[in-house]
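Fold and geometry: a report
Chain residues, written in single-letter form:
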Amino acid sequence: MSDPVVKIARACCALFMGAMVVVVVYVIAARFSFPGQLEWMTSAVLDHVERVAQHKPIYAAPSSEWIPFIYTPGYYWLVAALSPTVACARAVSIASSLLTAGSAHLLAKQAGASRFFAALAPALFIGCFGYVCAWFDTERSDPLMVAMLSVSAVVLARSKGVIGAAVAGALAGAAFFVKQPATTFIVIVPLVLALGGRTKRALAFAAGAAVVLVPLFAWLQISTQGWFAYYCVKLPGAHGMAAKYITLFFIVDLSKAPLLTLATLGAFGSLVSVARARLRRVTLEIDEPWLVLVAFVAAGFVASATSRMHVGGWPNVLVFWTAFAVPAACVLASKLEANASRAGILVVLGAFALQVGAFAPDPNEAVPDDDARRFSAQVVERVHEMEGDHGDVLMLGRGHVTRTRHPHLNALVDVLRAGEPLPPDLGQAIVNRKFEAIVLNDMHDLRMELLLGRESDLFIIVTRNYFVAERFDDKTPMPVVGFPTTPRWVLRPRTRPLMMEHDELLARQLVEMGLADANMRAAQGDAKKHSDGLDIEIRSAR
C-alpha cells in the first residue's frame, strides 16, 4: 500500500498496539514476584503440584485432608516436573501465553493475512489480557491448554497429509489432560474438516486424539480406582448451565469484543458456504489453512460459550475463543484492506487499535500493591501463630498456608453440589473441635445457599462447635485477578457445643460477628488494640 496516509495510519496503529503490549508486559513482570495469591484458587493449585512432587495421589476419596479441584492433571504434572514453586507455575503460564501469541502470528500468516496484519496478531492476542480476566500469568491450567491447541492448529494448517493431522490430533488429545474444554476441539475440528471435504485428514486428527486420550484416560481411571472420572467428568457435569448466562456471553461478552465477534461471524460465514456447497453437491474451493482456522474458531467459540454459561463460569474461559478469533480477524482485515477504499482501511486500522485499547489493564488495579503484600504476609503469620507447634488450622478459602493441607472451599462445594454428603472425617473433626481455628473468606461460605440451592450442613456443625473470634482488616485489597474474595473471619473452638437450633445459632453468630467487627475497628485505629477475640464466646452469651 503506497498511500502515505495509510502508511502513517498503519504506523500509528502498530505503535499504539505496541504501547498496550508494553503495559501488559509491565503488569505481568510486576506481578511475577508477588508472594501471595493473584487469584483466590491459585495457592490451592500449588497444593496439587506439591502432592505430585511428593508422589501423593491427586484423585482420591473426599476427606478432611484432601479434595482435588475438578481439573485434569497435566498442568500439575508439568510444574511439579520442572519446579514445584509459584515462580515456576507462573513461568509456565507466561511461556504458554507467549507461545499462543506466536501461534496467532503463524496461523494468520498461513491463512492468508498480509505481512502487516500477521505481525499485529501477537499484539492483538496479548492485548486481550484484560478481556480474559488477566489470566495469562496465573497459576492456572488455561494458558497451557490453549497453547497446546494453538500449536495443534499450526501443525494442522502447515501439514498436507494424514501424518500432520494425526500429530495435531494427538496434541489436542493431550490438551484434554490439561483442561477438559479441549474435548470441544477434539469433536468440532474433525467435523469441520470432513465438512470441507478433508475426510482422511479429519479421521487422522480424530485418531491421533484417540490414541493419546483413550489409553491415558484408562490408566488414570485404573490407577485412581475410578476417582479420576469422578472429579474430572462427573463433578464438572454437576455444575450445569444456567439460562441467565446466555445473555452474559452472547450480549455482554461479545459486545465488548466487536472486532473479534465480527471476525468470528466472517469465519462462520465461510463455514455456512462450505455447508451449502456440500448440500448442493457442488465444489467449493477453500484454502486448507483457512479451513483449519475456521474449525478452531468454531471450536473455541463453542468451548467459551458453554464454559461461560456454566454455573461458576468466569471470563478467563474467553481465551479459548480469542486465541483463534485473533488470527481470523487479521486474515479478514487483510482481505478488506485489499479491496477497501482509504476510508475503509482507516476504519479497520482504527478498529484494531481501539479493540486493544478497550482491553488495556490499569496497572494500578492489576498489580498488587504494598498493602496486598503486607496483608498476605500477615494472614500467613497469623495462621502459623494459631497453629503453634502442633495445632491444626482449617483454612477453606486459601491453600498452601497451613502446615497440614486441607480442601479448598471450591473443591468442597463441587462435591456437595453433586449431591454428596460432607466428608465424614471432616464433619467429625469439626464436632470434636480438632481444629485450633477455622479461617473463612466469608460467613456465607458455611451456608453456601447460592452455590448449592440449599443450605449446607456445614453451617449447623460449625456454628455449634466454633464461635466467631476475629475479623481480619476489611480495608485490605482483594486479589487482582478473578473472584474478589480473601480470608476475613477466624472461628475458634467453643468450650462446649451450643445445642441450639438453626435460627438461634444464626442469631448468636451475628452477635459474635458484631463483637469481632468492633475489635477490628479498634485495631484499625490503633494496631496495639488487636484482639484475638477469645473472650467473645463469653461476651456473646450475655
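The sections below set out a description of the structure shown in this document. Please read all numbers here as calculations on a predicted model, not as lab measurements. (Residues numbered from 1 in each chain as written. Predicted model: local features only at pLDDT ≥ 70, side-chain atom pairs only at ≥ 80, totals over all residues. Heavy atoms only, no water.)

**Overview of the nonpolar core**
Generally speaking, a soluble globular protein has its nonpolar side chains buried in company with each other. With 172 residues, the main nonpolar core has Phe 324, Phe 352 and Leu 491 as its most contacted residues. Apart from residues no more than four positions distant in its own chain, Phe 352 is found in contact with Cys 13, Met 17, Phe 117, Leu 120, Leu 124, Leu 259, Ala 329, Cys 330 and Ala 333. Core analysis: the next-biggest nonpolar cluster, separate from the first, contains 11 residues, Phe 375, Ala 437, Phe 472 and Val 490 among them. (Core = buried A, V, L, I, M, F, W, Y, C linked by side-chain atoms within 4.5 Å. Buried < 20%, exposed > 50% of the residue type's maximum accessible area, 1.4 Å probe, protein only. Contact = heavy atoms within 4.5 Å.)

**Section: the pairing of strand E3 (residues 466-471)**
Buried residues dominate E3, accounting for five of its six residues. For E3 and strand E4 (residues 489-493), the ladder comprises five bridges, and the chain directions are antiparallel. In the strand pairing of E4, Glu 470 is matched with Val 490. (Helix = DSSP H or I, 4+ residues; strand = E, 2+ residues; numbered from the N terminus. Pairing = 2+ DSSP bridges.)

**A closer look at helix H2 (residues 42-53)**
Spanning 12 residues, H2 covers 17 Å between terminal C-alpha atoms, matching the ideal 16 Å at 1.5 Å per step. The element H2 is extensively covered by neighbouring structure, given that 11 of its 12 residues are classed as buried. Residues Thr 42, Ser 43, Ala 44, Val 45, Leu 46, Asp 47, His 48, Val 49, Glu 50, Arg 51 and Val 52 constitute the buried set of H2. Looking at the buried positions of H2, the neighbouring elements they touch are helix H3 (74-82) and helix H4 (86-110). Backbone geometry just downstream of H2 places His 55 in the positive-phi region, at approximately 60 degrees. (Expected span 1.5 Å × (residues − 1).)

**Overview of the sheet that holds E3**
Here we have four strands laid out as an open sheet, ordered E1-E2-E4-E3, and mixed in their pairing. One side of each edge strand has no neighbouring strand; the edge strands of this open sheet are strand E1 (393-395) and E3. Between one strand axis and the next, the sheet turns through 25 degrees on average, direction left out of account. Summarising the sheet, strand E2 (residues 437-440) and E4 pair through three bridges and their orientation is antiparallel. Bridged to Ile 438 within E4 is Leu 491. Contacts between helix H22 (residues 458-465) and the sheet are confined to E2, E3 and E4, with E3 contributing the most and set at about 80 degrees to the helix. (Axes fitted to C-alpha atoms, helices over the stretch in contact; angles between N-to-C directions.)

**Here we look at the side chain of Arg 417**
Relative to the helices and strands, Arg 417 resides in helix H18 (residues 409-417). Here the side chain of Arg 417 touches Asp 414 through a polar contact of 3.2 Å, side chain to side chain. (Polar contact = N/O pair within 3.5 Å; in protein donor to acceptor, adjacent residues only side chain to side chain.)

**Overview of the pattern of salt bridges**
Close approach of charged atoms allows side chains with opposite charge to pair. Counting across every chain of the model gives 26 salt bridges. The partner of Asp 47 in a salt bridge is Arg 405, with the nearest N and O atoms 3.5 Å apart. Linking Asp 47 in helix H2 with Arg 405 in the loop between E1 and H18, this pair joins segments that are 358 residues apart in sequence. Judged by its relative accessible area of 3%, Asp 47 is buried. Bridged by salt links that share partners, the residues Arg 471, Asp 474, Asp 517 and Arg 521 form one connected network. (Salt bridge = Lys/Arg side-chain N within 4 Å of Asp/Glu carboxyl O.)

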